[in-house]
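So you can see what is in the structure, the chains are spelled out below.
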Amino acid sequence: MVMQMNATQPFVDQFDDVQSRLPGSKLPWLEAFRKAGIEKFSTIGVPTIKTEAWKYTRLPNIDCKEFRSANWENGQVAVNAVAEFLSDALNQIRLVYVNGIIRPDLSNLTNLPDGISFEPLTQALESDPEFIESQLCTEELKYDQGFSALNAAMMESGTIFRVAKGVQVKEPIEIVHMNGVADAPIIGHPHNVFVLEAGSQATLVMRHAGIGTSAYFNNAVTEIVVGDSAILKHYTLQTDCMEAIHLSTVNVRVGKDATYETFNFAIGGRLSRTETRVRLEGRGAHCNLSGAYMMRGREHCDNITIVDHLVPDTTAREVFKGVLDDEARGVFQGKLIVHKYAQRTNGHQLSRALLLSDRAEMDAKPELEIYADDVKCSHGATTGQIDENALFYLRSRGVPEALARNLLIQSFIAEALEEISDEKVREAIAGLVVHWLPADCFSVDEWVQA
Amino acid sequence: MLEIKNLHATVGGKEILKGINLTVNAGEVHAIMGPNGSGKSTLSYVISGKDGYEVTEGQILYNGIDLTEMEPEIRAAEGVFLAFQYPVEIPGVPNVTFLKEAVNAVRRHRGEDELDAMQFVKMIKAKTEELGIAKDMLKRAVNVGFSGGEKKRNEILQMAVLNPKLAVLDETDSGLDIDALKIVSDGVNQLRSDERAILVITHYQRLLDHIVPDFVHVLAHGKIQRSGGKELAFELEEKGYAEYGVAAE
């Protein structure tokens, strides 16, 4: 516990040290916002396991003083061209960051359709500060958790994505973060703002790739507004390296008849934690918060979801599936809150984990909090091992044991992948599953398209 | 083809099979009948190699080779097939993909070239038509949402594509209505041949009206108590297993 108490101060010192150099330092509203953030953080501090949302997750024992913000040079490291994720990704619209620094040379905005703005936070603070102010500054600082408050104080990167009323973009748009290639441990606090105006549609793919071996600490906050009748598909792919700490807080507001679909796929990372809070604010609002994670070694993956059903006729669906090998740990904490007037809410929540080793561990805590009387909600959590009967069934058909095990893992994960409505993304994620599995397994073609 | 000699086997430390002797030649169909708890399913699992079923004494010779130390997948590749009493559901894996994987795993073992997608589809199409199996069963996930009859038909389809030399049918009639029973039995009868031996394990005589055996054996208390021709099945149907020291259920 001593470690956790002492963990707060280095972050505060860091803020004092860099605040004058942070982007937008000439904007008085931003200065006030940052100040409110650091004050909140100083009060709350780094979360401990006494914090409910951190009950099963401890911040790894790192020396926070060693981590520092990236500078321009850190972003100029030579990296291989961005690996294509989507199969026909020619002319893929994307922003690419290396060690948290925007890389225009690797990014591509040439095909950006009309009605969309897509730019780094640093740039948007110059081009459209009023918009950022309108999104960030509410009467009171909304962040009630240590790391999101710290992000408010320290935000130095991130992406602003806006889709104008009625504009519908079919092709996925990418945000790529490449990390782990610095000469010293780096900490970053990206702050993203995605706003889809009424009737618009877009698909965003966020990739976090650990492409080197240096330690990094990513403390992201993403603010999302899905306007009335708008549809946002938001997919996150974490292929972080062993030395990565990846914390992400996502706050979403979903309007009338609007849909927010998110899928978080994680392989790797010393600690990978995503907390998604969704407010279903308009009648007919729908969200699907699902994900899959595959962890080995001593990796730790934590998914937290909180959905507020605030008005009648809203629906939420969650399907999380995790595969844990070696001493890996998985955590799922999900809460559906059905408020007093939210009649006819339909909520479904499922967490399933497959343990491949006796030393792997899963903690799941699904919760329903219901204050309305006409609702349909279900939740479930299971943790199990490879089904010996199924394994024998496959082997009795001639399938070798190692392959049979992989096929059963693929079978297990498939149920989560079905939640991804974008076919290209689903296939690409299936490819990452195949890549994660050792040796023989179904190829993507055999598995997904048959 | 199959020669079981003084076979003793335990499950969880408890002896279930207590000295089985049985010889099955190519081209023959043998029925093993017995009451619940007699060791019928244990025998089928021991032949096919399920974990947890330990052979403590005796041998299972298959074309002269002892199977007892062999992995189940090797047995399958060598031509041993078990049709399950309760086929397992595998969500998220299309039946056709599973069948292709199984066929090619067996072909690899036998040193034959794997079938590519085209060759496989051609082969599987022919087999489904022969057996009167609906094509949509191939696209669906393995056994997921299948009716009892569909599951058993899927077992027979697997048997047809894997082309085993020794097929063991474990309680294939359980959970089938009379129409499904007929379809499944017709499938098995199509697969009878001079090169293949079939071992039908069942509690009831009714399956043997459709798959007529050459020999019938009565299994009780972990041992073959009596052997005879197909008329033995009728006798059992009439008298039950009482004379083998088993109370009526």
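Refer to the structure above for everything that follows.
Quantities reported herein were computed from a predicted structural model and do not represent experimental measurements.

## Digging into the overall build of chain B
In terms of regular secondary structure, chain B is built from nine helices and twelve strands. For 249 residues, the compact-globule estimate of 2.2 N^0.38 gives 18 Å, and the C-alpha radius of gyration of chain B, at 18 Å, lies within 12% of that figure. By its C-alpha atoms, chain B is 55 × 40 × 35 Å across when sized along the principal axes. For chain B, the residues scored as buried account for 55% of the 249 residues in total. Partitioning the contacts of chain B with sequence separation of at least 6, the portion at a separation of at least 24 is 69%. When the accessible area of chain B is evaluated, it comes to approximately 10700 Å², of which 49% is carbon and sulfur surface. Looking at chain B, you have 28 positive and 38 negative side-chain charges, and the mean spots of the two groups are 3 Å apart.

## Here's the deal with the sheet that holds strand E11 (residues 215-220) of chain B
Residue and element names in this part refer to chain B. The six strands lie next to each other as E6-E9-E10-E3-E11-E12, forming an open sheet whose pairing is mixed. Two strands close off the open sheet at either side, each with one partner strand: strand E6 (80-83) and strand E12 (223-228). Across the sheet, the mean angle from the axis of one strand to that of its neighbour is 20°, orientation sign disregarded. Here strand E3 (residues 29-33) pairs with strand E10 (residues 197-202) via five bridges, running parallel.

## Thoughts on the nonpolar core
Residues and elements named next belong to chain A. Counting residues in each nonpolar core, the largest one holds 122 residues, and the members touching the most others are Phe265 and Met294. Dropping the residues within four chain positions of it, Phe265 is found in contact with Thr236, Leu237, Gln238, Ala292, Met294, Ile429, Leu432 and Val433. Counting residues in hydrophobic clusters, the runner-up holds 44 residues, among them Ala7, Ile38, Trp54 and Ala215.

## Let's talk about the pattern of salt bridges
Side-chain pairs of opposite charge can arise where the charged atoms are in close proximity. Overall, the coordinates contain 42 salt bridges over all chains when judged by the stated rule. Measuring nitrogen to oxygen at the nearest pair gives 3.5 Å for the salt bridge that ties Asp136 of chain B to Arg140 of chain B. On the accessibility criterion, Asp136 of chain B (41% relative accessible area) is partly exposed. One salt-bridge network, in which partners are shared between bridges, spans Asp144, Arg273, Glu275, Arg277 and Asp302 of chain A.

## Here's the deal with the environment of Val176 of chain A
Residues and elements named next belong to chain A. The topology assignment puts Val176 in strand E6 (residues 173-179). Accessibility expressed as a relative area gives 2% for Val176, which makes it buried. Residues Val176 and Ala209, spaced 33 residues apart in sequence, show a C-alpha to C-alpha distance of 7.6 Å. Not counting residues within four places of it along the chain, the set of residues in contact with Val176 comprises Val82, Arg94, Leu95, Val96, Tyr97 and Arg207.

## Observations regarding the interface of chain B and chain A
In many analyses, interface size is given as the accessible surface area lost on bringing the parts together. Tallying the contact residues gives 35 residues for chain B and 22 residues for chain A. Taken together, both faces of the contact between chain B and chain A bury some 2300 Å²; the carbon and sulfur share is 63%. Along the contact surface separating chain B from chain A lie three salt bridges. At the junction of chain B with chain A, the criterion picks out eleven residue pairs in polar contact (both at pLDDT 80 or more). Listing elements by their share of the side of chain B that touches chain A, those giving two or more residues are helix H1 (40-48), helix H2 (72-78), E6, strand E7 (90-94), helix H3 (95-109) and helix H6 (148-162) of chain B. Considering each element in turn, the side of chain B that touches chain A owes the most residues, nine residues, to H3 of chain B. Per-class residue counts for the side of chain B that touches chain A are 21 nonpolar, six polar and eight charged.

## Concerning the side chain of Thr10 of chain B
By the element assignment, Thr10 of chain B lies in strand E1 (residues 2-11). The class for Thr10 of chain B is buried, based on a relative accessible area of 12%.

## Section: the pairing of strand E16 (residues 300-309) of chain A
The two faces of a sheet get side chains in turn, since along a regular strand they alternate between them. All names here are of chain A. Most of E16 sits out of view: ten of its ten residues are buried. Both strand E14 (residues 271-280) and E16 contribute to a ladder of nine bridges, which runs parallel. Looking at the pairing, Arg279 lines up with Asp308 of E16. Pairing of E16 with strand E18 (residues 329-338), which is carried by ten bridges, proceeds in the parallel orientation. In the strand pairing of E18, Thr305 is matched with Gly334.

## A few points about the environment of Phe265 of chain A
Among the structural elements, Phe265 of chain A can be located in strand E13 (residues 259-267). Along the primary structure Phe265 of chain A and Tyr235 of chain A are separated by 30 residues, whereas in three dimensions their C-alpha atoms are 7.9 Å apart.

## A look at the sheet that holds strand E2 (residues 94-98) of chain A
All names here are of chain A. Strand order in the open sheet formed by ten strands is E3-E2-E6-E9-E11-E13-E15-E17-E19-E21, with mixed pairing between adjacent strands. Across the chains shown, the open sheet's two edge strands, defined by having one partner strand only, are strand E3 (101-102) and strand E21 (375-384). Here five bridges tie E2 to E6, and the two strands are oriented parallel to one another. Bridge assignment links Val98 to a residue of E6, and that residue is Met178. In the packing of helix H7 (residues 401-417) onto the sheet, the strands contacted are E13, strand E15 (286-295), strand E17 (315-324) and strand E19 (345-355), and the crossing angle to E17 comes to about 160°. Where helix H8 (residues 423-436) meets the sheet, it contacts strand E9 (201-210), strand E11 (231-239), E13, E15 and E17, and its direction lies at approximately 15° from that of E13.

## Comments concerning H1 of chain B
Among the nine residues of H1 of chain B, eight are classified as buried, and the element is accordingly described as predominantly covered. Burial in H1 of chain B covers these residues: Lys40, Thr42, Leu43, Ser44, Tyr45, Val46, Ile47 and Ser48 of chain B.

Thresholds applied
- Residues numbered from 1 in each chain as written.
- Chains lettered and ligands numbered in written order.
- Predicted model: local features only at pLDDT ≥ 70, side-chain atom pairs only at ≥ 80, totals over all residues.
- Heavy atoms only, no water.
- Helix = DSSP H or I, 4+ residues; strand = E, 2+ residues; numbered from the N terminus.
- Rg over C-alpha atoms; globule rule 2.2 N^0.38 Å.
- Buried < 20%, exposed > 50% of the residue type's maximum accessible area, 1.4 Å probe, protein only.
- Contact = heavy atoms within 4.5 Å.
- Areas by Shrake-Rupley, 256 points an atom, 1.4 Å probe, with all protein chains shown as cover.
- Lys, Arg positive; Asp, Glu negative; His and termini not counted.
- Charge placed at Lys NZ, Arg CZ, Asp CG, Glu CD.
- Pairing = 2+ DSSP bridges.
- Axes fitted to C-alpha atoms, helices over the stretch in contact; angles between N-to-C directions.
- Core = buried A, V, L, I, M, F, W, Y, C linked by side-chain atoms within 4.5 Å.
- Salt bridge = Lys/Arg side-chain N within 4 Å of Asp/Glu carboxyl O.
- Buried area = accessible area lost by both parts, 1.4 Å probe.
- Polar contact = N/O pair within 3.5 Å; in protein donor to acceptor, adjacent residues only side chain to side chain.
- Nonpolar A, V, L, I, M, F, W, Y, C, P; charged D, E, K, R; others polar.

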